[in-house]
Amino acid sequence: MIDVTAADETSDDARARGNVWRLAAAQALTGANSAVIFATGSIVGATLAPSVSLATVPLSMYVLGLAAGTLPTGAISRAYGRRTAFIVGTFCGTLTGALGAFAILHSSFWLFCGATFLGGLYGAVAQSYRFAAADGASVAFRPKAVSWVMAGGVFAGVLGPQLVQWTMDIWPPYLFAFSFVMQALVALVAMAVLSGVDAPMPAAADLHGGRPLLEIAKQPRFIAAALCGVIAYPMMNLVMTSAPLAMKMCGLTVSDSNFGIQWHIVAMYGPSFFTGSLIARFGAPRIVALGLALEAVAAMIGLSGITAPHFWATLFVLGVGWNFAFVGASALVLETHRPQERNKVQAFNDFLVFGMMAIGSFSSGQLLAHYGWNAVNWVVFPPVLLGLAVLSLASFARRRAKLRALEEIPDPSI
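Below is a short write-up of the structure. Every value quoted in this text rests on a predicted model; they were computed, and no experiment measured them. (Residues numbered from 1 in each chain as written. Predicted model: local features only at pLDDT ≥ 70, side-chain atom pairs only at ≥ 80, totals over all residues. Heavy atoms only, no water.)

**Observations concerning the overall build of the protein chain**
Put simply, the test is: Under the scheme used here, helices are H or I runs from DSSP no shorter than 4 residues and strands are E runs no shorter than 2 residues, and both carry numbers assigned from the N terminus. Each radius of gyration is computed over the set of C-alpha atoms, and the globule rule expresses the reference value as 2.2 Å times the number of residues to the power 0.38. We call two residues in contact whenever any of their non-hydrogen atoms come within 4.5 Å of each other. Accessible surface area values rest on a Shrake-Rupley calculation with a 1.4 Å probe, where residue burial reflects the displayed protein chains alone.
In terms of helices and strands, the protein chain carries 18 helices and 0 strands. Expected size for 414 residues packed as a compact globule is a radius of gyration near 22 Å; at 21 Å, the protein chain falls within 12% of this value. Taking the principal axes of its C-alpha atoms as reference, the protein chain extends roughly 85 × 45 × 30 Å. Partitioning the intrachain contacts of the protein chain with sequence separation of at least 6 by distance along the chain shows that 85% fall at a separation of at least 24. For the protein chain, the computed accessible surface area is about 16,900 Å², with 69% contributed by carbon and sulfur atoms.

Here you go:
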């Protein structure tokens, strides 16, 4: 590692702060795109699908797109720079809206699934915003940079569901068709915002340097970070994607569903205004553990009743838990790699997270249709307990390694 002066760190942090504002705005706009998909996907799926058990397949295709897009995003960023990857992603977002509207107008279930898959590719690129904010920043500023970019999602929680509410009935009887037209326009705005991000081309040395990926992935710290991300995001996604359809099955309205998703997204990103500071004060492992515990609490609330307030409370607590667990796990990932290794390590981490989400997401519709809302909530508990156990073991191993290192330092008085 090369030492840098305080002046260098200040200059780097000033550049990082400039990027944070653009990336936070892009996070809000991209989050609005995904909010449209999550608020409408299972409902449109139930309308167009040949069987109600396939209703959540469009959302599963979104998650599959997330998984499929992570490694290409890393490869494009590594070869051509992050800004090129961002522009490619927003182009996929524009196609998502156009194709989604066309599919609804022509009652094509599989075309709609193709649209949501493209939305997942867009979302995969958006996942790199949080890491891009930390590029070149000082060690102290990195958790805050990640957290502040994630905070842009608060506005997505307001914009996305309201976009659906305002536009869902504009083209009767084609519910939500115009919502996807507006989604395409929002993606174009995001493209304009991201075109101004200061993301230099990677240095030639960064294209070939660094340790092998397997060596990095064997670190206990990386294993804990990746596993907690793999648990936190898929468990949140399982409950969130099932909730709108479950609410409809319980006789609640689309407005009730939109309200729940809106506050869920606000809860997902709102804590980001202070999550970075909490990580800096208490350490990432403690914040990740708190987040996983809150996801379990959300499942308990979901098991306690099926009224609108029960669904809303479940989604809200679930969102807060996801924020702590996922932002904390992202901060842990940043501790496991060197600068020249960042693109491949970050892309691999996201591939693991969203690959597992894709596997779990395809079963969510079957789980809800055949076993009900309670079964969806019961599934949350075993993975959360596993995540807490592995996180504890990794933290214990780190403390022991530090103690051994201190014991090996020779006593200068001898």
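**As for helix α11 (residues 220-249)**
Selection criterion: Expected helix span is computed as 1.5 Å times (number of residues minus one). One axis is fitted to the seven residues ending at the residue and one to the seven starting there. The bend at that residue is the angle between these axes.
For α11, spanning 30 residues, the distance from its first C-alpha to its last is 43 Å, which sits close to the expected 44 Å at 1.5 Å a residue. At A243, α11 is bent by approximately 40 degrees, the largest bend along its length, and proline P244 sits one to four residues beyond. After α11 finishes, the residue G251 shows a positive phi value of roughly 85 degrees.

**Some thoughts on unusual backbone geometry**
Here the bond from P172 into P173 is cis, since omega is 0 degrees, no more than 30 degrees from zero. You can see P173 is positioned in the loop between α7 (153-167) and α8 (177-194). Located in the positive-phi region is S107, a residue other than glycine, with phi close to 50 degrees.

**Things to note about the side chain of S257**
Here is the rule we go by: Relative accessibility decides the category of a residue: with a 1.4 Å probe and only protein chains considered, values under 20% of the type maximum give buried, values over 50% give exposed, and everything between is partly exposed.
One can find S257 in helix α12 (residues 254-269). Among the residues examined, S257 registers a relative accessible area of 2% and is labelled buried. Excluding its chain neighbours within four sequence positions, the residues that come into contact with S257 are P244 and M247.

**A word on a nonpolar patch on the surface**
Applicable threshold: Here, patches come from residues exposed beyond 30% relative accessible area and free of salt bridges, joined within 9 Å for like charges and within 5 Å for nonpolar side chains (Val, Leu, Ile, Met, Phe, Trp, Tyr). In what follows, salt bridge is the name for a side-chain nitrogen of Lys or Arg lying within 4 Å of a carboxyl oxygen of Asp or Glu.
A cluster of nonpolar side chains, contributed by F155, F273 and F274, occupies part of the molecular surface with about 340 Å² of accessible area. As for its position among the elements, F155 is in helix α7. Here F155 falls in the exposed class, since its relative accessible area comes to 53%.

**Regarding the layout of surface pockets**
Put simply, the rule reads: In this analysis a 1.4 Å probe is tested at points of a 1 Å grid over the protein atoms alone, and where it fits but cannot get out there is a cavity; an open set with protein on both sides within 12 Å along at least five of seven lines is a pocket; lining residues have an atom within 4 Å of a point. Grid points are joined across faces, edges and corners, and a volume is the space filled by probe spheres set on the points. Following the grouping adopted for this structure description, the nonpolar residues are Ala, Val, Leu, Ile, Met, Phe, Trp, Tyr, Cys and Pro, the charged ones are Asp, Glu, Lys and Arg, and the polar ones are all others, Gly among them.
One number sums up the size of the second largest pocket: a volume of about 310 Å³. Forming the boundary of the second largest pocket are 14 residues, of which R221, P285, R286, S395 and R399 lie nearest the centre. Going through the elements one at a time, α14 (284-303) and α18 (381-408) are the ones with two or more residues in the lining of the second largest pocket. Of the residues assigned to the lining of the second largest pocket, the class counts are 6 nonpolar, 3 polar and 5 charged.

**A short note on the nonpolar core**
Stated formally: Among buried residues, those of type Ala, Val, Leu, Ile, Met, Phe, Trp, Tyr and Cys that are joined through side-chain atoms within 4.5 Å constitute a nonpolar core.
Core analysis: the largest hydrophobic core is formed by 125 residues, its most contacted members being L23, F86, Y129, Y233, L292, W322 and W373. Considering every element that reaches this core, the biggest residue donor is α11, with 18 residues. Once residues within four sequence positions are removed from consideration, W373 is found in contact with V239, S242, A243, A246, G302, I306, F311, T314 and L368.

**Considering the packing of aromatic side chains**
Applied cut-off: Aromatic pairs are defined between Phe, Tyr and Trp rings, using the six-membered ring for Trp, whenever the two ring centres lie within 6.5 Å; interplanar angles under 30 degrees are classed as stacked, those over 60 as edge-to-face, and all others as tilted.
This structure, assessed with the given rule, holds 15 aromatic pairs. Ring geometry for W171 and F178: centres 5.2 Å apart, planes at 70 degrees, overall edge-to-face. Overall, W171 belongs to the partly exposed group, its relative accessible area being 33%. With a centroid separation of 5.0 Å and 40 degrees between ring planes, the pair formed by F311 and W373 is classed as tilted. Residue F311 is located in helix α15 (residues 308-334), and its partner W373 is located in helix α17 (residues 373-378); the two are separated by 62 residues in the primary sequence. Across this residue pair, the class does not change: F311 and W373 are buried. Put simply, the rings of Y233, Y269, W322, F326 and F354 touch in pairs and so form one group of aromatic residues.

**Comments concerning empty space enclosed by the protein**
Within the structure shown, the criterion is met by 3 cavities of 30 Å³ or more. As for the largest cavity, its lining consists of 22 residues, and the residues nearest its centre are S34, Y62, Q127, Y233 and Y269. Breaking the lining of the largest cavity down by element, the ones donating at least two residues are α1 (6-48), α2 (57-80), α4 (109-127), α11 and α12. Among the elements that make up the lining of the largest cavity, the one with the highest residue count is α1 (6 residues). Approximately 100 Å³ is the volume found for the second largest cavity. Lining the second largest cavity are T70, T73, G74, S77, R82, A124, S128, F131, N343, Q346, A347 and D350. Broken down by secondary-structure element, the contributors of at least two residues to the lining of the second largest cavity are α2 and α16 (342-371). Broken down by class, the residue content of the lining of the second largest cavity amounts to 3 nonpolar, 7 polar and 2 charged.

**Regarding the pattern of salt bridges**
Going through the model one piece at a time under the given rule, you end up with 4 salt bridges. With a shortest N-O distance of 2.9 Å, R211 and E341 are connected by a salt bridge. With R211 in the loop between α9 (204-208) and α10 (213-217) and E341 in the loop between α15 and α16, this pair connects stretches of sequence that are 130 residues apart. Take E341: its relative accessible area is 0%, and that puts it in the buried class. Where E335 meets R221, a salt bridge forms, and the shortest distance between an N and an O atom there is 3.1 Å. Of this pair, E335 sits in the loop between α15 and α16 while R221 sits in helix α11, placing them 114 residues apart in sequence. Here E335 falls in the partly exposed class, since its relative accessible area comes to 43%. A cluster of three or more residues bridged by salt bridges with shared partners is formed by R211, R338 and E341.

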